[in-house]
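Examination of the molecular architecture
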Amino acid sequence: MTELQPQSYIDAEGKRLFVPVRIAVLTVSDTRSFEDDKSGNTLAERLTGAGHRLAARAIVKDDVAEIQGQLTDWIDDDTVDVILATGGTGVTGRDVTPEAFDGIYEKSIPGFGELFRMLSYQKIGTSTIQSRATAGVCRGTYLFALPGSPGACRDAWDMILKDQLDYRHKPCNFVELFPRLREHERRGAGK
């Protein structure tokens, strides 16, 4: 995980510096390939354009076990801080991404889905109710499940994740919490 030592990311004037985060992109689809994965490409372009590192990229089928297997592999990988998934968040029979994520979370971040749908409503109206975008944390890794459209991925990145994954964003952001995400494990080890 990103070893964030707050004092090392403050300049001489006391201003926060940018901290690049290592982000993996997962596309959940029965039909996509890397050549036609517009949503995965959108996320990869957005995160690298913001100065973050694309740590890994994969495409898996709409299958709970496959999704959880890839998530677990990346959660166990010390070179991945954040996982952004796209696809499988709807309400059809094949849409199982939220169920896969729910089975992995140690803690959910309900506000992410709520905020995503609120912002999405401004663009697509009541159709946003069909999105089951979700987020949470597992063993120090942030997990975000986004809808499978490039527009939804752009909106999630531009209106939420760009700021929350930027250490300079105030009053608070997800990056500054990295050192504390696993403190419950240390506390339990000391018993």
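The following refers to the structure shown. (Residues numbered from 1 in each chain as written. Predicted model: local features only at pLDDT ≥ 70, side-chain atom pairs only at ≥ 80, totals over all residues. Heavy atoms only, no water.)

To continue, consider the packing of aromatic side chains. Per the stated rule, a full pass over the model turns up 7 aromatic pairs. With 6.3 Å between their ring centres and 25° between their planes, Tyr142 and Phe144 make a pair best called stacked. Note on accessibility: Tyr142 and Phe144 belong to one class, buried. Joined through ring pairs, the aromatic side chains of Phe112, Tyr142, Phe144, Phe174 and Phe178 make up one cluster. The ring of Tyr167 carries the charged tip of Arg16 above its face, separated from the ring centre by 4.6 Å. (Phe/Tyr/Trp six-rings, centres within 6.5 Å; stacked < 30°, edge-to-face > 60°. Buried < 20%, exposed > 50% of the residue type's maximum accessible area, 1.4 Å probe, protein only. Lys NZ or Arg CZ within 6 Å of the ring centre and 35° of its normal.)

The next point concerns helix 4 (residues 110-124). Here helix 4 spans 21 Å end to end across 15 residues, near enough to the 21 Å set by a 1.5 Å rise per residue. For helix 4, every residue scored as buried is listed here: Phe112, Gly113, Phe116, Leu119 and Ser120. Down the axis of helix 4, the sector holding all buried residues measures 140°, keeping them to one side. Seen from the buried face of helix 4, the exposed residues on the opposite side, beyond 90 degrees, are Pro110, Glu114 and Gln122. Packing partners of the buried residues in helix 4 comprise strand 5 (134-138), strand 6 (141-146) and helix 5 (150-164). Just past helix 4, the residue Gly125 takes up positive phi, approximately 65°. (Helix = DSSP H or I, 4+ residues; strand = E, 2+ residues; numbered from the N terminus. Expected span 1.5 Å × (residues − 1). Arc of directions from axis to C-beta. Contact = heavy atoms within 4.5 Å.)

Next up on the list: the side chain of Thr134. Of note, Thr134 is situated in strand 5. At a separation of 3.1 Å, a polar atom in the side chain of Thr134 contacts the side chain of Tyr105. Setting aside anything within four residues of it in sequence, one finds Thr134 in contact with Pro98, Phe101, Asp102, Tyr105, Phe112, Leu143, Phe144 and Ala145. (Polar contact = N/O pair within 3.5 Å; in protein donor to acceptor, adjacent residues only side chain to side chain.)

Across the sheet, which stays open at both edges, the 6 strands sit in the order 2-1-3-6-5-4 with mixed pairing between neighbours. One side of each edge strand has no neighbouring strand; the edge strands of this open sheet are strand 2 (53-60) and strand 4 (107-108). Note: strand 1 (residues 22-28) against strand 3 (residues 82-86), 5 bridges, orientation parallel. Bridged to Val25 within strand 3 is Leu84. Each of strand 4, strand 5 and strand 6 is contacted by helix 4, which is oriented at about 30° to strand 6, the strand it contacts most. Contacts from helix 5 reach strand 1, strand 3 and strand 6 within the one sheet, and its direction differs from that of strand 6 by about 135°. (Pairing = 2+ DSSP bridges. Axes fitted to C-alpha atoms, helices over the stretch in contact; angles between N-to-C directions.)

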